[in-house]
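Residue-level listing of the chains:
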Amino acid sequence: MAYLDSSFVSNRTSLRQRVARFFETPFDRRYRQRTARIAALRALSDADLAARGIAREDILLHVFAGKA
């Protein structure tokens, strides 16, 4: 008897994602990087943000000002 293990997650990109990345403009790339950075910072706790010197309400300002 066969079963499906749904706990396996592949890190490989799909063909559609690879084609989209091929035609990606620098503006698309910057947008993708910024949204990923915003999501990563929003996922942090308030204590982690404070340790980095960022207030939760200043995340967008921090990312768009180009501060790493």
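Cut-offs used in this document
- Residues numbered from 1 in each chain as written.
- Predicted model: local features only at pLDDT ≥ 70, side-chain atom pairs only at ≥ 80, totals over all residues.
- Heavy atoms only, no water.
- pLDDT = per-residue confidence, 0-100.
- Helix = DSSP H or I, 4+ residues; strand = E, 2+ residues; numbered from the N terminus.
- Salt bridge = Lys/Arg side-chain N within 4 Å of Asp/Glu carboxyl O.
- Buried < 20%, exposed > 50% of the residue type's maximum accessible area, 1.4 Å probe, protein only.
- Patch = residues over 30% accessible without salt bridge, like charges linked within 9 Å, V, L, I, M, F, W, Y side chains within 5 Å.
- Areas by Shrake-Rupley, 256 points an atom, 1.4 Å probe, with all protein chains shown as cover.
- Polar contact = N/O pair within 3.5 Å; in protein donor to acceptor, adjacent residues only side chain to side chain.
- Contact = heavy atoms within 4.5 Å.

## Examining the confidence of the model for the protein chain
Next, step 1: With 81% of its residues at a pLDDT of at least 70, the protein chain reaches an overall mean of 86.
Next, step 2: Mean pLDDT per element in the protein chain: helix α1 (residues 15-22) is the minimum at 86, and helix α3 (residues 46-51) is the maximum at 95.

## A few points about the pattern of salt bridges
Next, step 1: If you walk through the whole model with that rule in mind, you get three salt bridges.
Next, step 2: The partner of Arg29 in a salt bridge is Glu24, with the nearest N and O atoms 3.5 Å apart.
Next, step 3: Here Asp46 ties to Arg56 by a salt bridge, and the two come within 2.7 Å at their closest N and O atoms. With a gap of 10 residues between them, Asp46 in helix α3 and Arg56 in the loop between α3 and α4 (59-64) connect regions that are remote in the sequence.
Next, step 4: Taking the relative accessible area as the measure of exposure, Asp46 reaches 52% and is therefore exposed.

## A short note on a nonpolar patch on the surface
Next, step 1: Where nonpolar side chains cluster on the molecular surface, the patch consists of Leu15, Val19, Phe22 and Phe23 and spans about 490 Å² of accessible area.
Next, step 2: Along the chain, Leu15 falls in helix α1.
Next, step 3: With a relative accessible area of 59%, Leu15 lands in the exposed category.

## Some words on the side chain of Glu24
Next, step 1: On the secondary structure map, Glu24 appears in the loop between α1 and α2 (26-43).
Next, step 2: A polar contact of 3.5 Å, which involves the side chain of Glu24, links it to the side chain of Arg29.
Next, step 3: The residues touching Glu24, leaving out its near neighbours within four places in the chain, are Arg29 and Arg32.

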